[in-house]
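Residues per chain, in single letters:
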Amino acid sequence: MKRTLLALPLTVLCAASAYAIDPIEKQVQVTAQVPTDAFFVEPVGGNWMNDPQEMAWNSYQAKLDPIRKELQVKSTVGPITAYLVSPAVIASGTHNIGLNVKVGDTVLSTTSAEVVSAAQAAPGATIGFQVEAQAAPGTGYEPGSYQGLVSMIFETAP
């Protein structure tokens with residue numbers, strides 16, 4: 001009887017291991033960027049610049065709502081300038097919608113323009129960032145699924 005009672009837990013242990021489920025391995029990619037104290041332009045509120053940003057359709061006004069975010073900027077070198085690498089546009093097939101990109105109080109173009117003065121940039125500042133669809137033609141925007149990439153360059157110099 002004692003042998004039977006001692007053998008029972010051993011049998012259950014062996015049976016449980018025979019039905020064990022394989023472990024599942026998961027990985028998370030972790031990245032970090034530590035900017036220099038001399039110059040940086042970083043998104044406020046998470047790394048939203050690496051995620052698609054949706055311009056929601058406002059059916060009441062028949063327009064796309066703008067994207068409004070903030071940037072944290074600093075330059076101990078001088079003023080901060082910015083420009084678009086190419087005109088900002090979203091496209092759906094052959095249909096395009098032009099975008100106005102505003103950093104601080106400056107609407108960006110493909111020509112470099114000052115977005116933060118040297119006096120503002122030296123201690124660091126938080127400035128607005130906005131992407132807004134240009135006005136629709138008289139017939140309205142063409143229906144479709146639009147997407148595009150807004151590429152900007154930020155620079156600083158004495």
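The coordinates are above.
What this report covers is the structure whose coordinates are included nearby. Each chain has its residues counted from 1, running along the sequence as written. Per-residue local features are limited, in this predicted model, to residues with pLDDT of at least 70; the limit for side-chain atom pairs, both in listing and counting, is 80 or more; totals at the level of whole chains, interfaces and linings are taken over all residues. Side-chain figures throughout are based on the complete set of non-hydrogen atoms in the structure, without hydrogens or water.

**Comments concerning the overall build of the protein**
In step 1: Summing up its helical and strand segments, the protein has 2 helices and 11 strands in all.
In step 2: Secondary structure elements are taken from DSSP: a helix is a run of H or I of four residues or more, a strand is a run of E of two residues or more, and numbering for both begins at the N terminus. Traced from its N-terminal end to its C-terminal end, the protein shows the element sequence α-β-β-β-β-β-β-β-β-β-α-β-β.
In step 3: Reported accessibility uses the Shrake-Rupley method at a 1.4 Å probe radius. Residues are deemed covered only where the shown protein chains occlude them. Of the accessible surface of the protein, which amounts to about 11,400 Å², a share of 55% is contributed by carbon and sulfur atoms.

**Things to note about the sheet that holds strand E5 (residues 80–84)**
Strands in a sheet are paired, the pairing made by backbone hydrogen bonds, and the direction either parallel or antiparallel.
In step 1: Spatial ordering of the open sheet is given by E9-E5-E11, a layout of 3 strands whose pairing is antiparallel. For this open sheet the edge positions go to strand E9 (113–116) and strand E11 (152–156), each flanked by a neighbour on one side alone. Adjacent strand axes in the sheet meet at a mean angle of 40 degrees when their direction is disregarded. Strand pairing is assigned whenever DSSP identifies at least 2 bridges connecting the two strands. Fitted lines through C-alpha atoms serve as axes, helices being fitted only where they are in contact, and the angles separating the N-to-C directions of these axes extend from 0 to 180 degrees.

**Notes on the pairing of E5**
In step 1: Throughout this description, buried means an accessible area under 20% of the type-specific maximum (1.4 Å probe, protein chains only), exposed means over 50%, and partly exposed covers the range between. Every second residue of E5 is oriented toward a common face, the buried set being Ile80, Ala82 and Leu84 and the non-buried set Thr81 and Tyr83.
In step 2: The sheet contact formed by E5 and E9 spans 3 bridges and is antiparallel. Paired with Ala82 across the two strands is Ala113, which belongs to E9.
In step 3: Of the pairings in the sheet, the one linking E5 to E11 comprises 5 bridges and is antiparallel in character. Bridging across to E11, Thr81 finds its partner in Glu155.

**Section: the pairing of strand E4 (residues 67–75)**
In step 1: Pairing of strand E1 (residues 39–43) with E4, which is carried by 5 bridges, proceeds in the antiparallel orientation. From the neighbouring strand, Phe40 faces E4, where its bridge partner is Lys74.
In step 2: Looking at chain direction, E4 and strand E10 (residues 125–133) are connected through 7 bridges and run antiparallel. Bridging across to E10, Ile67 finds its partner in Val131.

**Notes on the packing of aromatic side chains**
In step 1: Two rings from Phe, Tyr or Trp (for Trp, the six-membered ring) form a pair when their centres are within 6.5 Å of each other. A pair whose planes differ by under 30 degrees is stacked, one over 60 is edge-to-face, and the rest are tilted. Here the structure, examined in full by the defined rule, presents 2 aromatic pairs.
In step 2: Judged by centre distance (5.4 Å) and plane angle (35 degrees), the ring pair of Trp48 and Phe129 falls under tilted. Here the residue Trp48 occupies a position in the loop between E1 and strand E2 (57–58), and Phe129 occupies one in strand E10, the gap between them amounting to 81 residues.
In step 3: The exposure class of Phe129 is buried, given its relative accessible area of 6%.

**Focus: the side chain of Gln130**
In step 1: Inspection of the secondary structure puts Gln130 in strand E10.
In step 2: Side-chain atoms alone can form a polar contact between residues adjacent in sequence; in general such a contact is a pair of N or O atoms within 3.5 Å, and within protein one must be able to donate a hydrogen while the other accepts it. Of the polar contacts made by the side chain of Gln130, one reaches the side chain of Arg68; its length is 3.3 Å.
In step 3: Look past the residues within four positions of Gln130 in its chain and what remains in contact with it is Pro66, Ile67, Arg68, Asn100, Val101 and Lys102. A contact between two residues is defined here by any heavy atoms of the two lying within 4.5 Å.

**Regarding the environment of Gln147**
In step 1: Tracing the backbone shows Gln147 in the loop between E10 and E11.
In step 2: For the pair Gln147 and Ile97, spaced 50 residues apart in sequence, the C-alpha separation works out to 9.5 Å.
In step 3: Ignoring anything within four residues of it in the chain, the contact list for Gln147 reads Ile90 and Ala91.

**Describing unusual backbone geometry**
In step 1: For Ala62, which is not glycine, the phi dihedral falls at a positive 55 degrees.
In step 2: In this structure, Ala62 sits in the loop between E2 and strand E3 (63–64).
In step 3: Residue Ala62 is classed as partly exposed on the basis of its relative accessible area, which comes to 46%.

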